[in-house]
Amino acid sequence: VLEQQSSVLNICPEDMVAEKERLEIMVSEFAKSLALGIPCDYRKEADGFRPIETICQVDPLLKHFAILGEDRCTDELVCSIASIEDVYSVEQDGTDCFPQELISTLSISERERLLMVVYRSSDDLYRFCLLNKSQESRDIFLKCLRILCIYAQSEENLKPQST
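Because the structure is predicted, anything quoted here is derived from the model rather than measured.

Q: Hey, could you run me through helix 2 (residues 13–36) in this one?
A: Note: α-helices contain 3.6 residues per turn, so residues at a spacing of three or four share the same orientation. Here helix 2 contains 24 residues, and its C-alpha end-to-end distance of 35 Å stays within 8% of the 34 Å for a straight helix at 1.5 Å per residue. Along helix 2, the positions that sit buried rather than exposed are Met26, Val27, Phe30, Ala31 and Leu34. Contact partners of the buried residues in helix 2: strand 1 (38–43), strand 2 (51–58), strand 3 (64–69) and helix 6 (135–158). Note on helix 2: the residue one or two positions beyond its end, Gly37, has a positive phi of about 115°.

Take a look at the structure:
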């Protein structure tokens, strides 16, 4: 961890600017794709984690994340992006934080493409699992959704508090 921290501190300002620009472009392209809808394999816990072909989508203001049926008319799930607490992958977080009933049904290559999103609604935590089309799409989805969450949460914190 110390090696990682020292390498971050040793990044020259030009490299930091270039990385910031790269991330901005990646998140912008991701948000545009997500606004149009990205096909994903939704693993619904209430249905025993059986695969459901769905479309992941955000609203134009990047406030809500939705999982829609393939017909784009049926909401499987909708949550506020600001309410997303974390996004997990097997690669970064291991299998222990995932539902074992799901993990036990997946091949190794499917586990490598798996994401779990945890979000808050009222005072309760909820989760949903998605299988991306590739490891690369999983990585982009993971990184960009985390960045969109930070953005949405900062926007929420800037709102005037009602008393």
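Q: What is the right way to read helix 6 from this model?
A: Here helix 6 spans 35 Å end to end across 24 residues, near enough to the 34 Å set by a 1.5 Å rise per residue. For helix 6, the complete set of buried residues consists of Arg138, Phe141, Leu142, Cys144, Leu145, Leu148, Cys149 and Ala152.

Q: Help me understand the sheet that holds strand 6 (residues 114–121) in this model?
A: In sheet architecture, strand pairing relies on hydrogen bonds along the backbone and comes in two forms, parallel and antiparallel. Strand order in the open sheet formed by seven strands is 4-3-2-1-7-6-5, with antiparallel pairing between adjacent strands. Each end of this open sheet is capped by a strand with a single partner; those strands are strand 4 (75–80) and strand 5 (84–89). Between one strand axis and the next, the sheet turns through 30° on average, direction left out of account. Taken together, the eight bridges between strand 6 and strand 7 (residues 124–131) define a ladder with antiparallel strand orientation. Bridge pairing in strand 7 places Val117 opposite Phe128. Those strands touched by helix 2 are strand 1, strand 2 and strand 3, and its axis lies near 120° from that of strand 2. Docked against the sheet, helix 6 engages strand 2, strand 3, strand 5, strand 6 and strand 7, running at close to 165° with respect to strand 5.

Q: Whenever I open this one, the nonpolar core confuses me. Can you help?
A: Phe65, Phe128, Leu130 and Phe141 are the most contacted members of the largest nonpolar core, which totals 30 residues. Top element by residues in this core is helix 6. It accounts for seven residues. Non-local contacts of Phe65, meaning those with residues more than four positions away in its chain, are made with Leu34, Cys56, Gln57, Val58, Leu77, Val78, Cys79, Ile81, Phe128, Leu130, Phe141 and Leu145. In terms of nonpolar packing, the next biggest core, distinct from the first, is built from 11 residues, Leu102, Met116, Val118 and Leu131 among them.

Q: Would you take a moment to explain the environment of Ile108 for this structure?
A: Relative to the assigned elements, Ile108 resides in helix 5 (residues 108–111). Sequence separation between Ile108 and Ala31 is 77 residues, and the spatial gap between their C-alpha atoms is 29 Å.

Q: For this particular structure, what's the right way to read the packing of aromatic side chains?
A: Geometrically, a pair of aromatic rings is defined through the distance of the ring centres and the angle of the planes. Per the counting criterion, the structure on display carries five aromatic pairs. Ring centres of Phe65 and Phe128 lie 5.6 Å apart, and the angle between their planes is 15°; on these two criteria the pair is classed as stacked. Of this pair, Phe65 sits in strand 3 while Phe128 is found in strand 7, placing the two residues 63 residues apart along the sequence. A network of ring pairs unites the aromatic residues Phe30, Phe65, Tyr119, Tyr126, Phe128 and Phe141 as a single cluster.

Q: Help me out: how do you make sense of unusual backbone geometry in this one?
A: Comment: phi is negative for the bulk of residues other than glycine, and the bulk of peptide bonds are trans. Of note in this structure, Leu62 is not a glycine but carries a positive phi near 60°. For Leu62, the location among the structural elements is in the loop between strand 2 and strand 3. Positive phi is not limited to glycine here, since Ser122 has a value of about 60°. Mapped onto the secondary structure, Ser122 falls in the loop between strand 6 and strand 7. Given the relative accessible area of 67%, Ser122 is considered exposed.

Conventions we followed
Residues numbered from 1 in each chain as written. Predicted model: local features only at pLDDT ≥ 70, side-chain atom pairs only at ≥ 80, totals over all residues. Heavy atoms only, no water. Helix = DSSP H or I, 4+ residues; strand = E, 2+ residues; numbered from the N terminus. Expected span 1.5 Å × (residues − 1). Buried < 20%, exposed > 50% of the residue type's maximum accessible area, 1.4 Å probe, protein only. Contact = heavy atoms within 4.5 Å. Pairing = 2+ DSSP bridges. Axes fitted to C-alpha atoms, helices over the stretch in contact; angles between N-to-C directions. Core = buried A, V, L, I, M, F, W, Y, C linked by side-chain atoms within 4.5 Å. Phe/Tyr/Trp six-rings, centres within 6.5 Å; stacked < 30°, edge-to-face > 60°.

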